[in-house]
Amino acid sequence: MIRDITIGQYYPADSILHRLDPRVKFIGTFLFLVSLFVADSFWGYLLATCFLAGIIALSKVPVKFMLKGLKPLFILLLITVIFNLFLIPGTVVWELGFLKITQEGITQAVKIGIRLVYLVIGSSVMTLTTTPNQLTDGLERIMKPLNKIKVPVHEISMMMSIALRFIPILMEETDKIMKAQMARGADFESGNLIQKAKSLIPLLVPLFISAFRRADDLAMAMEARCYHGGENRTQMKPLVYQGHDYGAYGVTLVYLAAEIVIRTVM
Amino acid sequence: MGIIKARKLKYDYIKYDENGQQQDCYTAVDQVDLDVSQGQFIAILGHNGSGKSTLAKHMNALLIPTEGSIWVDGRDTAAEPELWKIRQKAGMVFQNPDNQIIGTVVEEDVGFGPENMGVPTDAIWERVNKSLEAVGMTAYRHRSPNKLSGGQKQRVAIAGVMAMQPKCIILDEPTAMLDPNGRKEVLKAVHELNEKEGITVILITHYMEEVIDADRVFVMDQGHVVMQGTPREIFSKVEELKSYRLDVPQVTLLAWELKQAGVDLPDGILTTKELVNALCH
């Protein structure tokens, strides 16, 4: 059961978006998020909607998957919208006791709602079309300048990719330990929250011990294969910008510029 | 000069208490002399705790001897400032397949060693292709290592070492966690590397069946090399092996017991075929 959990939600498909350089997708997503806060009028939002719809169509990922990402955020979304709806002062349109809805409140709530939804969909387009590995690679390259101020960029990205590789292994191990303990009468299902949490302790101790042992083994295996940090290291799959990557940058920048123009003109 | 040479090699595991004082000292390898020449297939046998893994880690400079010296391809491991240059000559495959695969995709894992050595990108691809081909894992190159069987994972690990183009591969109980099929797969791959590529193989194991084809066998007990010779020489001394808590292959044991019972048989029979021939001559 515990094995069904997947980290990262990559959706394998063959689209132009999947082939883009992860750096483009990273920076593009960031620019899209910026544009959402630039857009403030009906036309601005319309343009953002068109842009997002176009991207989704290009990604070949079913819209269903995009909306899935919204589910965990539903409550947060609801709270934000309700707060904005009731708490912004202005021209009152509807009143019941101490609750009042104002004209400004409605517009603000709608805006915030759209922004949040687009924000989540925009970033899930990135995670759905990029493998976790490409994401770490892309991050490493984007962060590279930080090396100058002594941030261990290569080491951080190495840790991230090792963590990604060991998640399924540790999941499997948890499952194994759980079953071994259930076979000896341990109970993980019943009781209240505190009892349940307590019953996890005998699960976590062996899991930690085995994780440390694995880490030790892995460190030795890495050393045996000549690993000595990031210096003088070459890459098997270096990131190189292709023509379509520059194109994607161009399209995103034109879109952002259009949003800024709409904002200043309207 | 041989690829690996050790003289009076000694290694102590020292345990310290909280104050950094020496508390306990355990000599894992003691007075070991070893000579391995290029292209040989060497097997090291020994019971648990006999010091065979410790010895293996010296050949790769993962451990540095407490006393004595070991030379790998002419370099003294204790005197070499850049240990990874030794590790590039003598690759190592470990017991647990899960804990030695670093990449999230098979081909990326095989490329890990060359990446560390600073090999240019094009050459890395060439090496990766060649190594995967050599262990017969080309068809799985885009898979996740988590979805492979134990034997396949070990073959990926071997390919990962091969991609560093070493002169020597040390395998530390590579089949201990595998099922019989996986063991066969891995041993076949190792033998092929030895025969086709001329790579020196040092196989550490406690499965007797795996050492029959070796050129030379070393038997270790309590840190010492207690027996050495060809498999036939070693396995003809059934009683001595038993005193080191080691078994002999079943056929050898059967032949030995028949001989004890008075049947006229030569010493050191290693395969079923040999026994059949000897009985029916």
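**Some remarks on the overall build of chain B**
Of regular secondary structure, chain B possesses eleven helices and ten strands. For a compact globule of 281 residues, the expected C-alpha radius of gyration is about 19 Å, and chain B comes in at 20 Å, within 12% of that figure. The principal-axis extent of the C-alpha atoms belonging to chain B is close to 65 × 55 × 40 Å. When burial is assessed residue by residue, chain B has 54% of its 281 residues classed as buried. Taking contacts inside chain B between residues at least 6 apart in sequence as the whole, the part at least 24 apart equals 63%. Total accessible area on chain B stands at roughly 12,500 Å², and carbon and sulfur atoms take up 46% of it. Seen as two clouds, the 30 positive and the 40 negative side-chain charges of chain B have centres 3 Å apart.

**Some details on the interface of chain A and chain B**
Taken together, the 27 residues of chain A in the interface contact 38 residues of chain B. Of the roughly 2,900 Å² buried at the junction of chain A and chain B (both faces included), carbon and sulfur atoms supply 55%. It is R165(A), R225(A) and M236(A) in chain A that bury the most area against chain B; as a group they hold 32% of the surface buried on that side. Taken together, the links from chain A to chain B amount to four salt bridges. Residue K237(A) pairs with E108(B) through a salt bridge whose shortest N-O separation is 3.0 Å. At the boundary of chain A with chain B, the tally comes to 17 residue pairs in polar contact (both at pLDDT 80 or more). The set of elements that each furnish at least two residues to the side of chain A that touches chain B consists of α8 (153–183) and α10 (201–224) of chain A. Top contributing element to the side of chain A that touches chain B by residue count: α10(A), with eight residues.

**A look at the sheet that holds strand β2 (residues 22–36) of chain B**
Residue and element names in this part refer to chain B. In space, the four strands of this open sheet follow the order β2-β1-β4-β5, with antiparallel pairing throughout. Looking at the sheet topology across the chains shown, the edges are occupied by β2 and β5 (75–76). By the bridge criterion, two bridges tie strand β4 (residues 67–72) to β5 in an arrangement that is antiparallel. In the sheet register, V72 faces β5, and the bridge partner there is R75.

**Brief notes about the nonpolar core**
Residue and element names in this part refer to chain B. Membership of the largest hydrophobic core comes to 53 residues, with the highest contact counts inside it found for I158, I169, L171, V217, V219, F235 and L241. Among the elements that line this core, the one with the most residues is helix α6 (residues 150–162), at six residues. Among residues more than four places away in sequence, those in contact with I169 are G91, V93, I158, V161, M162, L193, I199, T200, V201 and I202. If you look at the next biggest cluster of nonpolar residues, it comprises 32 residues, including A6, A28, A56 and I204.

**A look at unusual backbone geometry**
Within the chain, C226(A) stands out as a residue other than glycine whose phi angle is a positive 70°. Along the chain, the position of C226(A) falls in the loop between α10 and α11 (243–265). For C226(A), a relative accessible area of 0% translates into the label buried. You will see that R245(B), though not glycine, has its phi angle at about 60°, which is positive.

**Some words on empty space enclosed by the protein**
If a probe as big as a water molecule is rolled over the atoms, it shows which places are left empty. All names here are of chain B. Applying the stated criterion to the full structure yields one cavity of 30 Å³ or more. In this structure, the largest cavity encloses a volume near 60 Å³. What lines the largest cavity is F235, S236, V238, T252, A255, W256, K259, P266, D267, G268 and I269. Counting residues per element, the lining of the largest cavity draws most heavily on helix α10 (residues 250–260), which supplies four residues. Looking at the lining of the largest cavity residue by residue, the classes come out as six nonpolar, three polar and two charged. Among the domains, domain 1 (38–64 + 81–246) and domain 2 (249–281) are the pair contributing at least three residues each to the lining of the largest cavity.

**A short note on the pattern of salt bridges**
All names here are of chain B. Within this structure, the stated rule accounts for 20 salt bridges over all chains. The shortest N-O distance in the salt bridge between E173 and K52 comes to 3.3 Å. With E173 in the loop between β7 (168–172) and α7 (180–197) and K52 in helix α1 (residues 52–58), this residue pair connects regions lying 121 residues apart in the sequence. Each member of the pair, E173 as well as K52, carries the same accessibility label: buried. Put simply, R183 and E210 hold a salt bridge, and the shortest N to O gap is 3.4 Å. Taken together, the positions of R183 in helix α7 and E210 in the loop between β8 (200–205) and β9 (216–221) put the pair 27 residues apart, joining distant regions of the chain.

**Description of the domain arrangement of chain A**
Segmentation of chain A into domains returns domain 1 (2–130 + 239–265) and domain 2 (151–224). Of note, the centres of domain 1 of chain A and domain 2 of chain A, computed from C-alpha atoms alone, are 35 Å apart.

**Concerning the domain arrangement of chain B**
All names here are of chain B. Here chain B is partitioned into domain 1 (38–64 + 81–246) and domain 2 (249–281). Computed from C-alpha atoms alone, the centre-to-centre distance between domain 1 and domain 2 is 31 Å. Opposite the ten residues of domain 1 that make contact, domain 2 presents eight residues. Inspection of the domain 1/domain 2 interface yields one salt bridge. Measuring nitrogen to oxygen at the nearest pair gives 2.9 Å for the salt bridge that ties R232 to E274. Our count for the contact surface shared by domain 1 and domain 2 stands at one residue pair in polar contact (both at pLDDT 80 or more).

So, how was this worked out
Residues numbered from 1 in each chain as written. Chains lettered and ligands numbered in written order. Predicted model: local features only at pLDDT ≥ 70, side-chain atom pairs only at ≥ 80, totals over all residues. Heavy atoms only, no water. Helix = DSSP H or I, 4+ residues; strand = E, 2+ residues; numbered from the N terminus. Rg over C-alpha atoms; globule rule 2.2 N^0.38 Å. Buried < 20%, exposed > 50% of the residue type's maximum accessible area, 1.4 Å probe, protein only. Contact = heavy atoms within 4.5 Å. Areas by Shrake-Rupley, 256 points an atom, 1.4 Å probe, with all protein chains shown as cover. Lys, Arg positive; Asp, Glu negative; His and termini not counted. Charge placed at Lys NZ, Arg CZ, Asp CG, Glu CD. Buried area = accessible area lost by both parts, 1.4 Å probe. Salt bridge = Lys/Arg side-chain N within 4 Å of Asp/Glu carboxyl O. Polar contact = N/O pair within 3.5 Å; in protein donor to acceptor, adjacent residues only side chain to side chain. Pairing = 2+ DSSP bridges. Core = buried A, V, L, I, M, F, W, Y, C linked by side-chain atoms within 4.5 Å. 1 Å grid on protein atoms, 1.4 Å probe; cavity = no way out; pocket = protein on both sides within 12 Å on 5 of 7 lines; lining within 4 Å. Points joined across faces, edges and corners; volume = space filled by probe spheres on them. Nonpolar A, V, L, I, M, F, W, Y, C, P; charged D, E, K, R; others polar. Domains from an automatic or database assignment.

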